[in-house]
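Next come the chains, spelled out residue by residue.
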Amino acid sequence: EEENTFELTFNLTPVPLVRDIRMTGIYPFFERDIRNIMTLSPGNTVTASDLDEQRSEIENFYRKEGFIDPEVIVETEGDPRKGFLSLRISVTRGAFYRLDELSITGASHFTESALRNTMKVHRYRLLPGVAGRFLEQRLSDDIEAMVRRYREAGFADCSIDSKITRNRDTGLVSLEITLQEGPRYRIEFSGNRAFRDSALEDDLLFEQLGNRNNVALNRSIRAVTQRYRTG
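Residues numbered from 1 in each chain as written. Predicted model: local features only at pLDDT ≥ 70, side-chain atom pairs only at ≥ 80, totals over all residues. Heavy atoms only, no water.

Undergrad: Tell me about the overall build of the protein, and name the residues and values.
TA: Along the backbone of the protein there are eight helices and six strands. Reading the protein from its N terminus to its C terminus gives the helix and strand order β-α-α-β-β-β-α-α-α-β-β-α-α-α. Relative to its length of 231 residues, the protein is extended, with a C-alpha radius of gyration of 28 Å against a globular reference of 17 Å. The principal-axis extents of the C-alpha atoms in the protein amount to approximately 100 × 55 × 30 Å. Across the 231 residues in the protein, those meeting the buried criterion constitute 35%. Only carbon and sulfur atoms are counted for the fraction: they give 46% of the accessible area of the protein, which is about 15,000 Å². Within the protein, the 37 negative side-chain charges are centred at a point lying 9 Å from the centre of the 33 positive side-chain charges. (Helix = DSSP H or I, 4+ residues; strand = E, 2+ residues; numbered from the N terminus. Rg over C-alpha atoms; globule rule 2.2 N^0.38 Å. Buried < 20%, exposed > 50% of the residue type's maximum accessible area, 1.4 Å probe, protein only. Areas by Shrake-Rupley, 256 points an atom, 1.4 Å probe, with all protein chains shown as cover. Lys, Arg positive; Asp, Glu negative; His and termini not counted. Charge placed at Lys NZ, Arg CZ, Asp CG, Glu CD.)

Spelled out as structure tokens, the structure:
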């Protein structure tokens, strides 16, 4: 400050941009799989917190894919004063979980062996290496498919619960599937002259919705009524 005037000095540090991203150790995934979960891509600005976020996101991705304790290192190369940095991502995936025991209780319409043999988590555990690792998403898909199978057989109230027990030391997983089949529905029409049974069956929503609290029954009645009203 001199004679009621100020001199301002600005010290600027450029925020570097990502020039490129290189990856090692990412098998069994492709680079595009890893890039899809990252928040950084070439051309983005990069800070220290961004690097921590990438590491955390990638490690979580590997955990969801069945790996027990993955380790990800994210490093930078280059001079940030020049405005660009290269990212180097190194993954050590480590051991993975594999399904060991699978039990199914509460099944009477289908046999336990028949249900087990349709489950991907059961079939995939027979594959060698990382292809046979246990995936919770695969289990979710199996349960959805099993519910659909029961609904198609007339068990609209069917519900399925699962319990997963993981052993970090051995990498083995125990899985318990508990079914509540519920009653088996048989639907008959009477008094329908304008429409055949097959046409009215198209309005039934038991397979799609299930019938907890008569949800499918009530919506099916409305659908049949609407068919008659609109003709």
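Undergrad: So what's going on with the pairing of strand S5 (residues 159-167)? Which residues, and what values?
TA: As paired elements, S5 and strand S6 (residues 172-180) share nine bridges and run antiparallel to each other. From the neighbouring strand, Lys163 faces S6, where its bridge partner is Glu176. As consecutive antiparallel partners, S5 and S6 are separated by four residues, and within that stretch Gly171 has a phi angle of approximately 75°, a positive value. (Pairing = 2+ DSSP bridges.)

Undergrad: Describe the sheet that holds strand S4 (residues 98-105), listing the residues and the values that go with them.
TA: The mixed open sheet is built from three strands, whose spatial order is S4-S6-S5. The open sheet has two free edges, formed respectively by S4 and S5, since each of these has just one partner strand. Within the sheet, the average angular offset between the axes of one strand and its neighbour, ignoring direction, is 15°. Of the strand pairs in this sheet, S4 and S6 are connected by seven bridges, and their pairing is parallel. Directly across from Ser103, in S6, lies its bridge partner Glu176. Contacts from helix H5 (residues 136-152) reach S5 and S6, with the element oriented near 160° to S5. (Axes fitted to C-alpha atoms, helices over the stretch in contact; angles between N-to-C directions. Contact = heavy atoms within 4.5 Å.)

Undergrad: I'd like a rundown of the sheet that holds strand S3 (residues 84-92), residues and numbers included.
TA: Neighbouring strands of a sheet are bound in pairs by backbone hydrogen bonds; such pairs are parallel or else antiparallel. Taken in spatial order, the three strands line up as S1-S3-S2 in an open sheet, and their pairing is mixed. The strands lining the two open edges of the sheet, one partner per strand, are strand S1 (17-24) and strand S2 (71-77). Ignoring which end each strand starts from, the neighbouring axes of this sheet average 20° apart. Relative to S3, S1 runs parallel, the two sharing seven bridges. Counterpart to Thr24 in the pairing with S3 is Ser90. Docked against the sheet, helix H2 (residues 48-64) engages S2 and S3, running at close to 150° with respect to S2.

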